[in-house]
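What follows is each chain in one-letter form.
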Amino acid sequence: MRYENVLSLIGKTPLLRLRKLEEEYNLKPRIYAKLEFYNPSGGVKDRIALNMIEDAEKQGKIKKGYVIIEPTSGNTGLGLSLVAMEKGYEFIAVVLDKVDESKISLLKLHGAKVVVTKSNVNVEDPRSYYNVSKILAKLIADNYDMDRAIIYVQELINKGEVEKLKEILHREIDYTKKVFIPMQHFNESNVLAHYSTTGKEIWEDTEGKVTCLIAGIGTGGTITGSAKFLKDKRQSIKVIGVDPEGSIIHEIFYRIFSDTEKYKPKGYIPKIKHDIQVKDISLKELENEFLVYVKLSSGETRNLKINKSDVHQYIVEGIGEDFIPTTLDLNVLDGIYVVNDDESFSIYKKEITKYLGFIPGLSGAACIYATIQIAKNLNEKNLIVSIIPDDGKKYLSK
């Protein structure tokens, strides 16, 4: 098959039956992995990168000569660097210091400029990768040379010049005339990409027989978009998110939809309260806890408290958050499986990869672990699809 440009290769990724895994663990359901590393940059984020940029072009938010900047754990950066290269835009990826060096090298090979910032700071800190993206955007909009702005901001981060970063962040500069920040965590084009492609592909490739979707929760775009398409086709399809221990997402889900003595915020957390529909979630960070304000579709408001000790760093990349992205719709989830770092890495340490035929990336390993545990409680009538965002080549140093 012949393609005229690299963007034509995005999507239509294969579903692989994991027969050896089924046999080794005596699992009754049919289990398929959707291999997103068959996308041209090697990950699922190619889908949203293309959709976010093309939607922005249609809306006049990005034009020739613009610079694209995005806070990313790596895969969205790879997708955006691919799209930017093909369409002729400059691209800067702002990544966390826990991102594997292999990913950073790949970003640079794809033509991206890279700024590395702190992972152990809250979202309001000027060193958070969201705020560093805005700081870069404001400098470039203020006629800084792009390369000079990158060097300057990286030096400020490395030296811990928090007040200077804060001062730049608070400057009244409209960067939208020169810079576009897709902000995947708050961009509806993220969700729509998966509704129109990923979910549709899963439905068609299983001939409508899928009964359970398992996917990691990061921005929430993959699981939300795919789930909405599938549930529009058949509401009974179960959708289970995978979230790392240390993320706030499952802590909030548990308190809204489960919160019983039988189930705790670890392992599998099923949705018990099916009559609840969440309209909006906002967070306020205090010294020792998070205050979570939940607005329900009924008009009711609930205030939750989560101890800061329950929200902490983890090694797995690409899933989990310390806030709720607007691209994540908790209402579509039937449950969340919480996986810790040891459980994710057990896929490699116990050589479970030999039953797969491929080596998943870290978030994919978490999904495989959760899939095995969930499948143990399902019968032969079920067909599970587990989304594997990328492969393990980007994480060899870990």
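That block above? That's the structure.
The rules behind the values
- Sequence order sets the numbering: in each chain, residues are counted from 1 along the sequence as written.
- Totals for whole chains, interfaces and linings use every residue, but because this is a predicted model, local features are given only for residues with pLDDT of at least 70 and side-chain atom pairs only at 80 or more, for both listing and counting.
- Only hydrogens and water are removed before side-chain values are computed, so all heavy atoms of the structure are retained for them.
- When the sulfur atoms of two cysteines come within 2.5 Å, that pair is taken as a disulfide.
- Strand pairing is assigned whenever DSSP detects at least two bridges linking the two strands.
- The helix and strand labels rest on DSSP assignments: H or I over at least four residues marks a helix, E over at least two residues marks a strand, and numbering proceeds from the N terminus.
- Between the N-to-C directions of two axes lies an angle of 0 to 180 degrees, each axis being a line fitted to C-alpha atoms and, for a helix, fitted only over the stretch in contact.
- Partly exposed describes any residue whose relative accessible area lies between the buried limit of under 20% and the exposed limit of over 50%, with all areas from a 1.4 Å probe on protein chains only and scaled to the type maximum.
- Contacts were defined at the residue level, with two residues in contact if any of their heavy atoms lie within 4.5 Å.
- In this analysis, the expected span of each helix is defined as 1.5 Å times one less than the number of residues it contains.
- Directions from the helix axis toward the C-beta atoms define the arc.
- Between N or O atoms, a polar contact is any pair within 3.5 Å; within protein, one atom must be a potential hydrogen donor and the other a potential acceptor, and residues adjacent in sequence are included only when both atoms are from side chains.
- By nonpolar core is meant a set of buried Ala, Val, Leu, Ile, Met, Phe, Trp, Tyr and Cys residues that side-chain atoms within 4.5 Å join together.
- Within this document, salt bridges are pairs made up of a side-chain nitrogen of Lys or Arg and a carboxyl oxygen of Asp or Glu, the two lying within 4 Å of each other.
- In this scheme the handedness of a crossing depends on how the near helix is turned from the far one: anticlockwise by less than a right angle means left-handed, clockwise means right-handed.
- As a working rule, the residues Ala, Val, Leu, Ile, Met, Phe, Trp, Tyr, Cys and Pro are called nonpolar, Asp, Glu, Lys and Arg charged, and the rest polar, with Gly in that last group.

### Focus: the state of the cysteines
- Taken as a whole, this structure holds zero disulfides when the rule is applied.
- C367 supplies the cysteine sulfur nearest to C212, a cysteine that is in no disulfide, at a spacing of 11 Å.

### Description of the sheet that holds strand β10 (residues 278-285)
- Here we have three strands laid out as an open sheet, ordered β10-β11-β12, and antiparallel in their pairing. The strands lining the two open edges of the sheet, one partner per strand, are β10 and β12 (301-307). The average angle at which neighbouring strand axes cross in this sheet is 20°, direction not considered.
- Where β10 lies against strand β11 (residues 289-296), seven bridges are found, and the strand directions are antiparallel. Residue pairing for β11: K284 is matched across the bridge by L291.

### A look at the pairing of strand β13 (residues 335-339)
- The buried fraction of β13 is high, at five of five residues.
- Of the pairings in the sheet, the one linking strand β9 (residues 267-270) to β13 comprises four bridges and is antiparallel in character. In the strand pairing of β13, Y268 is matched with Y337.

### Describing the sheet that holds strand β3 (residues 67-71)
- The parallel open sheet is built from four strands, whose spatial order is β5-β4-β3-β6. The strands lining the two open edges of the sheet, one partner per strand, are β5 (113-117) and β6 (179-180).
- Looking at chain direction, β3 and strand β4 (residues 90-96) are connected through five bridges and run parallel. Paired with E70 across the strands is A93, a residue of β4.
- Against the sheet, helix α4 (residues 101-109) touches β4 and β5, its axis set at about 150° to β5.
- Contacting β3, β4 and β5, helix α6 (residues 146-158) crosses the sheet at an angle of about 15° to β5.

### So, helix α3 (residues 75-87)
- With 13 residues, α3 should cover 18 Å at 1.5 Å per step; its first-to-last C-alpha distance of 18 Å lies within 8% of that length.
- Counting buried positions along α3 yields 10 of 13 residues, so the element is predominantly enclosed.
- Taken residue by residue, α3 has N75, T76, G77, L78, G79, L80, S81, L82, V83 and A84 as its buried positions.
- On its buried side, α3 packs onto α2 (46-58), β3, β4 and α4.
- Positive backbone phi, at 90°, marks G88, one or two positions downstream of α3.

### Remarks on α6
- When the terminal C-alpha atoms of α6 are compared, their 18 Å separation across 13 residues agrees well with the 18 Å that a helix rising 1.5 Å per residue should span.
- Taken together, the buried positions of α6 are M146, A149, I150, V153, Q154, L156 and I157. End-on, the buried residues of α6 take up no more than an arc of 160°, which puts them together on one face. What points out from α6, more than 90 degrees from its buried face, is the exposed set I151 and N158.
- Residues of α6 that are buried make contact with β3, β4, β5, α5 (129-141) and α7 (162-169).
- At the N-terminal boundary of α6, the capping side chain belongs to D145, with an oxygen 3.1 Å from the backbone nitrogen of D147.

### Some remarks on the nonpolar core
- Ranked by internal contacts, the top residues of the largest apolar core, which has 54 residues, are I69, I92, L136, I140, V153 and V179.
- It is α5 that contributes the most residues to this core, nine residues altogether.
- Apart from residues lying up to four places away in sequence, I140 is in contact with V67, I69, I92, M146, A149, K178 and V179.
- One finds I237, Y254, L333 and L383 within the second-largest nonpolar core, a separate group that totals 42 residues.

### Quick word on unusual backbone geometry
- Of note in the backbone geometry, N143 takes a positive phi value of approximately 75° without being a glycine.
- Mapping N143 onto the fold places it in the loop between α5 and α6.
- A residue is classified by how much of its surface remains accessible, and N143, at 61% relative accessible area, is exposed.
- Unlike most non-glycine residues, E207 shows phi in positive territory, near 55°.
- Relative to the helices and strands, E207 resides in the loop between α8 (188-205) and β7 (212-216).
- A relative accessible area of 64% places E207 in the exposed class.

### Here we look at the pattern of salt bridges
- One pass over the structure, following the stated rule, counts 21 salt bridges.
- Among the salt bridges present, the one from K103 reaches E317, with a minimum N-O distance of 3.2 Å. Placement of K103 in helix α4 and of E317 in the loop between β12 and β13 is noted, with a sequence separation of 214 residues between them. For the pair shown, K103 and E317 are each scored as buried.
- Put simply, E300 and R302 hold a salt bridge, and the shortest N to O gap is 3.1 Å.
- Salt bridges sharing common partners tie together K34, E36, R47 and E201.

### Considerations on the packing of α5 against α7
- In contact at an axis separation of 9 Å, α5 and α7 are set at 60° when each is read in the N-to-C sense. Like other packed secondary-structure pairs, α5 and α7 cross with a definite hand, here left-handed. Between α5 and α7, the residues in contact are N131, K134, I135, K138 and L139 and L165, I168 and L169, respectively.
- Class assignment for the residues of the contact of α5 with α7 results in five nonpolar, one polar and two charged.

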